[in-house]
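# Structural description and commentary
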Amino acid sequence: MTDPLPDHAPLRVAVLGAGTVGADVLRVIGTSGDELAHRIGAPLEVTGIAVTDLGKDRGEHVDRALLTDDPASAIAGADIVVEVMGGIEPARTLLLEAMSHGASVVTANKALLAQDGVALYEAADANGVDLHFEAAVAGAIPLVRPIRESLAGDRIEKVLGIVNGTTNYVLDAMARTGASFDDALASAQELGYAEADPTADVEGHDAAAKASILASLAFHTRVGMQDVHCEGITSVTAADIAAASRMGRTIKLLSIVERVEEEGEERVSARVYPAMLPDSHPLASVSEAYNAVFVEAEAAGSLMFYGQGAGGAPTASAVLGDLVTVARQRVHGGVGPRESRYADLGIIPVDALRNAFYVSLTVQDKPGVLAEVAGTLSSHGISISTIHQETEPAEEGEPERARIGIATYRALESAMDSALDDLDSSGAVLTIDSVIRLEGE
Ligand SMILES: NC(=O)c1ccc[n+]([C@@H]2O[C@H](COP(=O)([O-])OP(=O)(O)OC[C@H]3O[C@@H](n4cnc5c(N)ncnc54)[C@H](O)[C@@H]3O)[C@@H](O)[C@H]2O)c1
Ligand SMILES: N[C@@H](CCO)C(=O)O
Ligand code: NA
């Protein structure tokens, strides 16, 4: 670099959290400070780093003198606050406080944005500061900025994809290596992909938070956590994965947000659930903690975004991109996009949608049972596309049992709920083992 460093007063940066993501953010600021200064037009000066454990060794790029276990003192006087501590409180109060003092905010905290994004947006607006959160959705993959800015002139119809690295890692390991759910989850935690409480990953809450953020941005409507139908992967079994494989399919945890038009009224559907995709579908081959997202827009057509959705360095890349953006705005003036919620669309509940299903049942292995099951489905307007039956070894003195796997054509979700209630109370059906949607036809 031959150009002299910018002659601008340093921008004071507080970093809340120095864990998986924060340590990598600090490493890059430490190793690439001059480059970042050129790109921004001013040097960055880290003035405080909030952590819970002051004694922990955090490597050469975390200046121990800047560590504090009092995050409120870290944000005092900061121009920019980078929040990578996670959780709702104290993160929420700290960010509102920082913005009220004129600091811009960069956060990776999807849980906070999904729960209290409105308060954060309003504080950013009221104080004329920036609120950026590229790292909150799909890790390193540029997705928030493309939706918020690049596609701001288009009309987004649908966003569908894999936005949780941990669950993708777990499902991929179970399918490819036969790993148990618990072992695969432990590896994802060791690799730094999982949330502090991995329940948020496996129960789908993390993907639902991301769906709420994506839907809000894509459809210019406030979509909160409570508006997202959410099912995680805890009930997906090795038998389901084997059944999917037999059907030429792969199970993935999908986040889907789309506009649904019915009788002239447009509403938003936001949902997260495990689904069986055909093996030929591009999302079926997304492995490990990678994420992939399709955005369908009226003029742009279908766009695919793919890359590392979790992990320290990839997530730090997204945080640093936002940090450079808000820092440039400090130097050159201007603020980034505000909350856009003018469309204010209603939410369509999942039971009003039409989906295809895979249903696995354990039944008595006797004449007429298949006909009864088919009749029950048909009485709710559900028609069968394929059926697979295997006899189960019977215990001594127990009746013969069979396991049947049924794939249906699309039907109303509410009709499937009623059909499952009827099957559950039928004497021929011993247990309903799985109900998994089929997507990507
Ligand atoms: N790990 C990932 O792959 C990933 C990807 C995208 C987004 N995120 C988000 O980034 C954030 C951080 O994730 P992480 O994986 O780095 O977490 P982590 O648990 O590894 O690190 C959290 C850090 O914050 C500090 N901290 C937490 N509470 C604190 C408090 N009250 N006071 C002071 N310090 C506190 C901890 O000491 C630790 O240094 C979360 O919001 C997470 O959802 C993580
Ligand atoms: N726990 C999250 C981190 C990235 O947001 C995941 O596994 O995708
Ligand atoms: Na991202």
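As a starting point, this report considers the structure included with it. (Residues numbered from 1 in each chain as written. Chains lettered and ligands numbered in written order. Predicted model: local features only at pLDDT ≥ 70, side-chain atom pairs only at ≥ 80, totals over all residues. Heavy atoms only, no water.)

## Comments concerning the pattern of salt bridges
Side-chain pairing between opposite charges can occur once the charged atoms of the two side chains come close. Quick note on the threshold: Salt bridges are counted wherever a side-chain nitrogen of Lys or Arg sits within 4 Å of a carboxyl oxygen of Asp or Glu. Starting at the N terminus, helices and strands are each numbered in turn, a helix being any DSSP run of H or I of at least four residues and a strand any DSSP run of E of at least two. Burial classes follow relative accessibility: with a 1.4 Å probe on protein chains only, a residue under 20% of its type's maximum area counts as buried, one over 50% as exposed, and anything between as partly exposed.
Counted by the stated rule, this structure contains 27 salt bridges. The salt bridge involving Glu 298 is made with Arg 155; its shortest N-O contact spans 3.9 Å. With Glu 298 in the loop between strand 11 (290-297) and strand 12 (301-308) and Arg 155 in the loop between helix 6 (144-150) and strand 7 (156-162), this residue pair connects regions lying 143 residues apart in the sequence. Of the residues examined, Glu 298 reaches a relative accessible area of 56% and is grouped as exposed. Classification of Arg 155 as partly exposed rests on a relative accessible area of 27%. Note that Arg 341 is salt-bridged to Glu 339, the shortest N-O span being 3.6 Å. A single network of salt bridges, built from pairs that share partners, joins Arg 155, Glu 157, Arg 259, Glu 266 and Glu 298.

## Quick look at the coordination of the sodium ion (ligand 3)
Stated precisely, the cut-off is as follows: Coordination partners: N, O, S within 2.8 Å of the metal, 3.2 Å for Na, K and Ca; water not considered, so apparent gaps in a site are possible.
Here the sodium ion (ligand 3) is held by Glu 134 (O), Glu 134 (OE), Val 137 (O), Gly 139 (O) and Ile 141 (O), and the distances to it run 2.4 to 2.7 Å. Of note, the donors binding the sodium ion (ligand 3) are all from one chain and are spaced E-x2-V-x1-G-x1-I. Residues Glu 134 and Ile 141 agree in their burial class; the two are buried.

## Quick look at the site of ligand 2
Under the convention used in this document: One heavy atom within 4 Å of a molecule or strand makes the whole residue count as near it. Two N or O atoms form a polar contact when they lie within 3.5 Å of each other; inside protein one atom must be a possible hydrogen donor and the other a possible acceptor, and for residues adjacent in sequence the pair counts only when both atoms belong to side chains. Note on areas: Shrake-Rupley with a 1.4 Å probe; residue coverage comes only from the protein chains shown. Points on a 1 Å grid over protein atoms alone make up a cavity when a 1.4 Å probe fits among them but cannot get out, and a pocket when they form an open set with protein on both sides within 12 Å along at least five of seven lines; lining residues each have an atom within 4 Å of a point. Put plainly, a molecule is in a cavity or pocket when over half of its atoms are within 2 Å of the grid points there.
Neighbouring residues of ligand 2: 13 residues in total, closest Lys 110, Gly 165, Thr 166, Tyr 193 and Glu 195. Between ligand 2 and the protein, one listed contact pairs an oxygen atom with a side-chain N or O atom of Thr 166 at 2.6 Å. Within the contact set of ligand 2, a nitrogen atom lies 2.8 Å away from a side-chain nitrogen or oxygen of Asp 201. Burial of ligand 2 by the protein chains amounts to 94% of its free accessible area of 260 Å². Assessed atom by atom at 2 Å from the grid points, ligand 2 resides in the largest pocket. Sorting the residues of the shell around ligand 2 by element identifies helix 7 (165-177) and helix 10 (205-219) as the ones contributing at least two each.

## Some remarks on empty space enclosed by the protein
What counts, and what does not: Grid points are joined across faces, edges and corners, and a volume is the space filled by probe spheres set on the points. Under the convention adopted here, Pro, Cys and the residues Ala, Val, Leu, Ile, Met, Phe, Trp and Tyr are nonpolar, Asp, Glu, Lys and Arg are charged, and Gly plus all remaining residues are polar.
In the structure shown here, the tally under the stated rule is one cavity of 30 Å³ or more. The space that makes up the largest cavity amounts to roughly 50 Å³. Around the largest cavity, the lining residues are His 132, Phe 133, Glu 134, Val 144, Arg 145, Arg 148, Glu 149 and Asp 322. Residue contributions to the lining of the largest cavity peak at four residues, all from helix 6. Of the residues that constitute the lining of the largest cavity, the class distribution is two nonpolar, one polar and five charged.

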